[in-house]
Structure formats: structure tokens, C-alpha cells
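Structure assessment
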Amino acid sequence: MDALQKFERFIILLFPGQGAQQVGMGKELSLAFTEAKELFEEVDDALSYRLSSLMFDGEQEQLNLTIHAQPAIFAVSLAVLKVLERQTGLSIDKIAKASAGHSLGEYSALTAAGTFVVGDAIRVLKSRAEAMQKAAPIGRGGMVAVLDTDVEIVQRMIDEIDDIGVCEIANDNGAGQVVLSCELHLIERILDRTAKYGIRKAIRLPVTGPFHSSLMLPAARDMDLVLSQVEMYIPKIPVHSNVSTKGYHTLEEVRALLVQQIHSKVRWRETMELFVKMEPTHFIEIGPGRILTNIAKKMFPNHNLECINISTPSGVEDFLTKHF
């Protein structure tokens, strides 16, 4: 029985976004698999500096910078995907039925599905990070994760803030997690007000800007030009948009929604609710961290599906042992 005949699973791939970065990520993968090492070298070449050195042995503060964090997370996700394809002998369209990526992760999902080649995707991400940083320089704003609540309560809290400034819902992640993007002077106001609304926990995130908010509109204009100059291909599997929650149908739609994505709310909860109606057997998070895996587990505790993360050689081995 060949791998394809044996592989009878309905898998949906999830690709993490900024915030999942940790120094050391990808290092074991690079040492264990030639295809991962080659992917990291390709990313280094596209950037013209050794991002892999920063990822493997650098300083966390430097890795947290948007210009480093975004391509680094992308690189680990694509390395894992390349390893899975090589080890199984299957292309992504034989492994998974659909995919989605959280914010930055949408570029990982699209590249994994063949819409971008790796070098082009890295250059786009570099331009994206630079545009986002230019739109809201470090110190102007940030993001706060509000936990164990729902989007309606959070919106009411925002509406009742009487200070002037931008504070908007950036991510509706599901499982009681909502992320806000705020100008810097409003972040402490939010953290001080959570108890009044029955919110027990709020965490400032390790990101350098107020992403997915109207403060990113200048970056969207820059990205419109960048994406108009990049060659794209129809994805091999459905990739669901953060903006629409639905799969892309045309390359024009990919370009338009990626531009809109940079200043729009990430509708992750709705995307996951749409996915679960397809009755998948697995959600597999491809890349560093377990943020999306944990959200899926909390959202669907009573569904008969497995939620796992693959980001290390042991994760690859466990997956192959169970399913091949």
C-alpha cells in the first residue's frame, strides 16, 4: 500500500502569525533535515543577511522586531512543510484539503500552496514589515490580547473609552481571545479597565506595532504597489482569507484581500467555525508555537478531531509514525 492509499485523513493546515517567534526555532529542524537547511539558506539569500543565525542563536528582542519576526516565522513554517512533503513523498494537495494562516501566516499558507515562490514571498514580507513599521513607528502603538471574554464585551469596552485615539479589534481569534490594536497612550487605559468588564486577563503582546487597524492604512497603500509587481499562481489547495473567511478564487482576489488584510480585522474565529463544518479529522499547525493549536482545542472540545503542532524533528517523527 503506498503512502497516498494509506493516508486517509481530512487535514486542514494552520499557519501561525507574528507573536509565535522564539529564539532557537528551526535550529533542530535545520540540523535534522537537509530540505529544512536548504529552505533557511534560500531565505537568507533572499534577504541578503543571515536571518537563520538570528533565529537560531540571536537575541529575543531583535527577533521580535517585525522586520525579523515575520520572515522568521514564515521560514520555519515553510521548512516544516518541505520536510513533510519530502518525508511523505506527497505534495501539499495530497496531504491537506484546505488551509489558512493567521495574519502573516496567510503568506505562509499561500506560499505552501504554490501561490508565491519562496524568494518572492520573502521579499514581499520584507516590504510588508517595512511598510507596517513606517506606518506606525515603534513607540506609537501596540497590541493587547484580552482573554476569556467575547468580542461584543470587548467592543463595548472600546466604545466607552473617552480618550481620543485609535483602539480597534484587530483579531477575533475565538476561544474567548480577542486582540486589540491601540495607540500607545490607550494601552494602559485598556489594561486598567478590563476588570470592570469581567475580563480576568489581558496581556500586552511582543509586537512592535498596532497591526490590523486603521493605523496601517498607509502600509496598505504601499502593499498594493508591491503585490501588483509579484507573479502569483492559483493555490493548489483552498486557502481561506483573513478578511473574507472564504477560500480565494482568483489571483485578483488574492491581491485585493492581502492589501485589505493589513488594516482589517483577522476573522479567525469565523474561519475556524467554517472549517469545522467541513468535518475535518485534523487541524495541524505548521510552524513555531502552539497558539492556533490551543485555540482550536478550546473552540471544539466536543468534536472528534485531532489538533497538533509540527515544528520540530520530534513533531515530524510523531506525525509520520502515527499516519504513515
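Residues numbered from 1 in each chain as written. Predicted model: local features only at pLDDT ≥ 70, side-chain atom pairs only at ≥ 80, totals over all residues. Heavy atoms only, no water.

Things to note about the overall build of the protein chain
The number of helices and strands found in the protein chain is 16 helices and nine strands. Here the C-alpha atoms of the protein chain give a radius of gyration of 19 Å, agreeing with the 20 Å that 2.2 N^0.38 yields for 324 residues. Projected onto its principal axes, the C-alpha positions of the protein chain cover 65 × 45 × 40 Å. Counting over 324 residues, the protein chain shows a buried share of 58%. Excluding contacts between residues fewer than 6 apart, the proportion of contacts in the protein chain whose partners are at least 24 apart in sequence is 77%. Accessible surface for the protein chain amounts to roughly 13,800 Å². Of this, 49% is attributable to carbon and sulfur atoms. (Helix = DSSP H or I, 4+ residues; strand = E, 2+ residues; numbered from the N terminus. Rg over C-alpha atoms; globule rule 2.2 N^0.38 Å. Buried < 20%, exposed > 50% of the residue type's maximum accessible area, 1.4 Å probe, protein only. Contact = heavy atoms within 4.5 Å. Areas by Shrake-Rupley, 256 points an atom, 1.4 Å probe, with all protein chains shown as cover.)

Examining the environment of Ile 95
Within the secondary structure, Ile 95 sits in helix H7 (residues 92-95). Look at Ile 95 and you get buried, because its relative accessible area is 4%. In the structure, Ile 95 is positioned 83 residues away from Ile 12 in sequence and 8.9 Å away in space, judged by C-alpha atoms.

Quick word on unusual backbone geometry
Notably, Ser 103 is not glycine yet its phi reads approximately 55°, a positive angle. Inspection of the secondary structure assignment puts Ser 103 in the loop between strand E2 (98-101) and helix H8 (105-112). In this model, Ala 175 sits at a positive phi of 55°, which is unusual for a non-glycine residue. With respect to the helices and strands, Ala 175 occurs in the loop between strand E4 (167-174) and strand E5 (177-183). Given a relative accessible area of 31%, Ala 175 falls into the partly exposed group.

Some remarks on the pairing of E2
Here E2 shows two buried faces, one formed by Ala 98 and Ala 100 and the other by Ser 99 and Gly 101. Bridging between strand E1 (residues 11-15) and E2 involves four bridges; their strand directions are parallel. Bridged to Ile 12 within E2 is Ala 98. Here E2 pairs with strand E7 (residues 239-240) via two bridges, running parallel. Across the sheet, the residue bridging to Ser 99 is Val 239, located in E7. (Pairing = 2+ DSSP bridges.)

Focus on the pattern of salt bridges
Enumeration over the complete set of coordinates arrives at 12 salt bridges. Across the salt bridge formed by Asp 120 and Arg 123, the nearest N and O atoms sit 3.3 Å from each other. Linking Asp 120 with Arg 123, this pair stays in helix H9 (residues 118-135), spanning three residues, or about one helical turn. The class for Asp 120 is partly exposed, based on a relative accessible area of 24%. Residue Lys 322 pairs with Glu 306 through a salt bridge whose shortest N-O separation is 3.6 Å. One end of the pair, Lys 322, is in helix H16 (residues 313-323); the other, Glu 306, is in strand E9 (residues 306-310), and 16 residues separate them in sequence. Three or more residues are tied together by salt bridges with common partners; here these are Asp 172, Arg 269 and Glu 273. (Salt bridge = Lys/Arg side-chain N within 4 Å of Asp/Glu carboxyl O.)

What about the environment of Phe 319?
Residue position: Phe 319 is located in helix H16. Taking C-alpha positions, Phe 319 is 34 Å from Ala 202, a pair spaced 117 residues apart along the chain.

Some words on the sheet that holds strand E3 (residues 141-147)
Taking strand neighbours across the sheet as the criterion, the four strands line up as E4-E5-E3-E6 in an open arrangement whose pairing is antiparallel. Both edges of this open sheet fall to E4 and strand E6 (201-204), since each of them pairs with a single strand only. The mean inter-strand angle of the sheet, taken between neighbouring strand axes irrespective of direction, is 25°. Where E4 meets E5, six bridges bridge the pair, whose relative direction is antiparallel. Along E5, the bridge assignment pairs Asn 171 with Val 179. Here helix H10 (residues 151-159) sits on the sheet and contacts E3, E4 and E5; the angle it forms with E4, its principal contact strand, is near 170°. (Axes fitted to C-alpha atoms, helices over the stretch in contact; angles between N-to-C directions.)

Describing helix H3 (residues 34-47)
If you check H3, its first and last C-alpha atoms are 20 Å apart, about what 14 residues at 1.5 Å a residue would give, namely 20 Å. Taken residue by residue, H3 has Glu 35, Ala 36, Leu 39, Phe 40, Val 43, Asp 44, Ala 46 and Leu 47 as its buried positions. Elements in contact with the buried residues of H3: helix H2 (27-32), helix H4 (51-57), helix H6 (66-88) and H9. Just downstream of H3 lies Ser 48, where phi reads positive at about 65°. (Expected span 1.5 Å × (residues − 1).)

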